[in-house]
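What follows is the residue order along each chain.
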Amino acid sequence: MGERVVEVALGARGYKIYIGWGNLSSLGEKLRSVVVSNKAAVISHPIVADLYGEKVVGGLREAGFETHLLNVPDGEEYKSLEVASNLYGKLAELEFHRSDCMIALGGGVVGDLAGFVAATYMRGVPFIQVPTTLLGQVDSGIGGKVAVDHPRAKNLIGCFYQPRFVLSDVSTLKSLPEPEVKSGLAEVIKYGFLEGERLLSFLEADLDSLLGIERDVLVKVVAECCRMKAAIVEEDERDLSGRRAILNYGHTVGHALEATTGYTSISHGEAVAIGMVCAARIARRLGLIDEALVERHVVLLGRVGLPTKLPISDIDSIQERILLDKKSQGEANIFVLLKGLGKPALVEVSPQVVREALEECS
Ligand SMILES: NC(=O)c1ccc[n+]([C@@H]2O[C@H](COP(=O)([O-])OP(=O)(O)OC[C@H]3O[C@@H](n4cnc5c(N)ncnc54)[C@H](O)[C@@H]3O)[C@@H](O)[C@H]2O)c1
Ligand SMILES: [Zn+2]
C-alpha cells in the first residue's frame, strides 16, 4: 500500500497529512517543497532520536538542510515553559530566523512543546509534525493545538498553530512500547464510535492486525482517523462551536479519573476507555442507545486489554471532580454522548444520572 494523503482544508492554513510505511525518508523532499530556508531544527527525545534521529537528520542534510538535533528530556513534566525557554535560547544561539523551520519528532509531548515554541519564537516559524506514537498520529499531531503545562493545569499556556504538514510513518510504531500502543488504540476506538458502523466494524474485524502493527491495516486506520479529525477541525478550528468538543468523547470521566489518581497510576488511554464506557452507560440510561452498543464498547476495549471498569471505589471524588471541571469551564453537566452509533452530540446530564452510571461502571 502506498502513502495516503489526507487534506486539512483550512484555506491559507491548510495542509496535508502523509500516512505511510517507511515514508520517514521522504521528509527532506517534502520539506523542500514548503519552505524557502535551508535551516531546520529537529526537536525530539533521546529515546526517539536514538531510534529515528539518524534517518531524519541524515535525510534532511541530504536534501540540503543545515540540520540541528535538539533533544529535550522525556516526560510530561518537561512540557513546560522552562524547557520551552531553553529551546528559545538554543534557537537564538544557532541564529534561527523567521523562515527557518522546526520539526517535532516524537509523541504528543514533543509535538505540543515544539509546536508551542515554533508558534512563539520570533512570532512564529514554519513547523512540521512527525508523530511517532499512535496517539500523535491520530490525535495530537493534527489540528494545531499546541501548549505547555503549568503547575496549576495541563495545557494551560498555548495557542492554535497549524503545522505546514504532518508526516506519519506508521512503521515507527513497531518500536513503541505496548502500553503506549494500547493507549493510542483507545483514541482509535473513540473514532470508531464517533464515525459509525463502517469504521467500528472494521476495527472489530481487524483489531488483531492493529495490535500486531501490520502495515496495510495500520495505514488505513490511521488515515481514517486523520480524515475524521481533519473534518472536525475544518468545521471548528478554534474549538468554539462545540463541534470539536465531540472529540472529547469519554474524556469527561477520563480526565476526572486521571486527576483523582494523580496522573500516575492510570494512562490517558485507560482513563478514556473507562470514560467511554461510562458515557455509553449514561446514554443508555437516557434511552439514547441500547445495551448492545454499550456491550460493543466493553468488548472491543476489553480485547485491547484496556480497562472498562472504574478502578477505585471512590465514586464521590470522581463525581466531585467532574462537577468542578465543568464549573471551571463554565459548562453545566454537559457530556459528549452517542445518540446512536456514529451520532455524537453534546447533552446535558443530571448529576443523579451521572452518579448511577458511575456506580454501574464500578
Ligand atoms: N495537541 C493536541 O491536540 C493533543 C491531543 C491529545 C493529547 N495531547 C498531548 O499529547 C501528550 C501525550 O502524547 P503521547 O501519548 O504521544 O506521549 P509521549 O509524547 O510522552 O510519548 C510516549 C513515550 O513514547 C516514547 N516514544 C515515542 N515514539 C516512540 C517510538 N516510535 N518508539 C519508541 N518509543 C517512542 C516517548 O519517548 C515517550 O516516552 C500529552 O501531553 C497530551 O496533553 C495533545
Ligand atoms: Zn485523549
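All of these numbers come straight from a predicted model, not from anything done at the bench. (Residues numbered from 1 in each chain as written. Chains lettered and ligands numbered in written order. Predicted model: local features only at pLDDT ≥ 70, side-chain atom pairs only at ≥ 80, totals over all residues.)

Tell me what's going on with the nonpolar core, and back it up with residues and numbers.
Counting residues in hydrophobic clusters, the biggest one holds 114 residues, and the most contacted among them are Ile43, Met102, Ile103, Leu105, Val222, Cys226 and Ala279. Counting residues per element, this core draws most heavily on helix α8 (residues 215–235), which supplies 12 residues. Each of two domains, domain 1 (4–175) and domain 2 (178–361), supplies a minimum of three residues to this core. (Core = buried A, V, L, I, M, F, W, Y, C linked by C-beta atoms within 7 Å. Buried ≥ 20, exposed ≤ 12 C-beta atoms within 10 Å, placed from the backbone. Helix = DSSP H or I, 4+ residues; strand = E, 2+ residues; numbered from the N terminus. Domains from an automatic or database assignment.)

So what's going on with the domain arrangement of the protein chain? Residues and values would help.
Under the domain assignment used here, the protein chain contains domain 1 (4–175) and domain 2 (178–361). Taken together, the contact pairs 23 residues of domain 1 with 23 residues of domain 2. Of all the elements in the fold, those that place two or more residues in the side of domain 1 that touches domain 2 are β1 (4–8), β2 (15–20) and α5 (134–140). In terms of residue count, the dominant contributor to the side of domain 1 that touches domain 2 is α5 (5 residues). Here the side of domain 1 that touches domain 2 is built from residues that sort into 14 nonpolar, 5 polar and 4 charged. (Contact = placed C-beta atoms within 7 Å. Nonpolar A, V, L, I, M, F, W, Y, C, P; charged D, E, K, R; others polar.)

Quick rundown of the sheet that holds strand β3 (residues 39–44)? Include the residues and the values.
Taking strand neighbours across the sheet as the criterion, the 7 strands line up as β1-β2-β9-β6-β5-β3-β4 in an open arrangement whose pairing is mixed. With partners counted over all chains shown, the strands left at the sheet margins are β1 and β4 (66–71), one partner each. Strand-to-strand twist of the sheet, defined as the mean angle between neighbouring strand axes without regard to direction, takes the value 20°. Across 5 bridges, β2 lies against strand β9 (residues 165–169) in parallel orientation. Note on β9: the bridge partner recorded for Gly20 is Asp169. Along the sheet, helix α4 (residues 108–120) makes contact with β3, β5 (101–106) and β6 (127–131), crossing β5 at roughly 170°. Its contacts with the sheet place α8 against β1, β2 and β9, and it is angled at close to 10° to β1. (Pairing = 2+ DSSP bridges. Axes fitted to C-alpha atoms, helices over the stretch in contact; angles between N-to-C directions.)

Can you lay out the pairing of β1 for me, pointing to particular residues and giving the numbers?
Pairing of β1 with β2, which is carried by 5 bridges, proceeds in the antiparallel orientation. Within the sheet, the bridge partner assigned to Arg4 lies in β2 and is Ile19. The hairpin turn running from β1 into β2, its antiparallel successor, is 6 residues long, and Gly11 in that turn takes a positive phi close to 60°.

Quick one: what's the story with helix α10 (residues 268–285), residue by residue and with numbers?
Spanning 18 residues, α10 covers 25 Å between terminal C-alpha atoms, matching the ideal 26 Å at 1.5 Å per step. Within α10, 17 of the 18 residues are buried, leaving the element largely enclosed by the surrounding structure. Looking one or two residues past α10, Gly287 carries a phi angle of roughly 75°, positive in sign. (Expected span 1.5 Å × (residues − 1).)

I'd love a proper account of the environment of Pro311, names of residues and values included.
For Pro311, the position within the fold is in the loop between α11 (291–304) and α12 (315–328). Take Pro311: there are 14 C-beta atoms within 10 Å of it, and that puts it in the partly exposed class. In this structure, the C-alpha to C-alpha distance between Pro311 and Ala271, residues 40 residues apart in sequence, is 9.8 Å.

So what's going on with the site of ligand 1? Residues and values would help.
What surrounds ligand 1 is a group of 27 residues, the closest being Gly107, Gly108, Val109, Thr133 and Ser140. Taken together, the residues that form the shell around ligand 1 break down as 7 nonpolar, 12 polar and 8 charged. (Near = placed C-beta within 6 Å.)

Any details on the pairing of β3? Residues and values, ideally.
Judged by how many residues are buried, β3 sits mostly within the fold: 5 of 6 residues are covered. Following the chain from β3 across helix α2 (residues 46–62) to the adjacent parallel β4, one finds a crossover that is right-handed. Two strands pair when backbone bridges link them, and β3 and β5 are joined in this way by 5 bridges, in the parallel orientation. Bridging from a neighbouring strand, Ser44 pairs with Leu105 of β5. (Right-handed = clockwise from strand over helix to strand, strands pointing away.)

Please provide a residue-by-residue account of the packing of α10 against helix α13 (residues 351–361), values included.
Across the interface, α10 lies against α13 with an axial gap of 9 Å and an inter-helix angle of 125°. Comparing their axes, α13 and α10 come out oblique. Crossing angle aside, the handedness with which α10 passes α13 is right-handed. Across the interface between the two elements, Ile274, Val277, Cys278, Arg281, Ile282 and Arg285 from α10 touch Val353, Val354, Glu356, Ala357, Leu358, Glu360 and Cys361 from α13. The residue inventory of the contact of α10 with α13, partitioned by class, reads 9 nonpolar, no polar and 4 charged. (Parallel < 35°, antiparallel > 145°, perpendicular 65-115°, else oblique. Left-handed = near helix turned anticlockwise from the far one by under 90°.)

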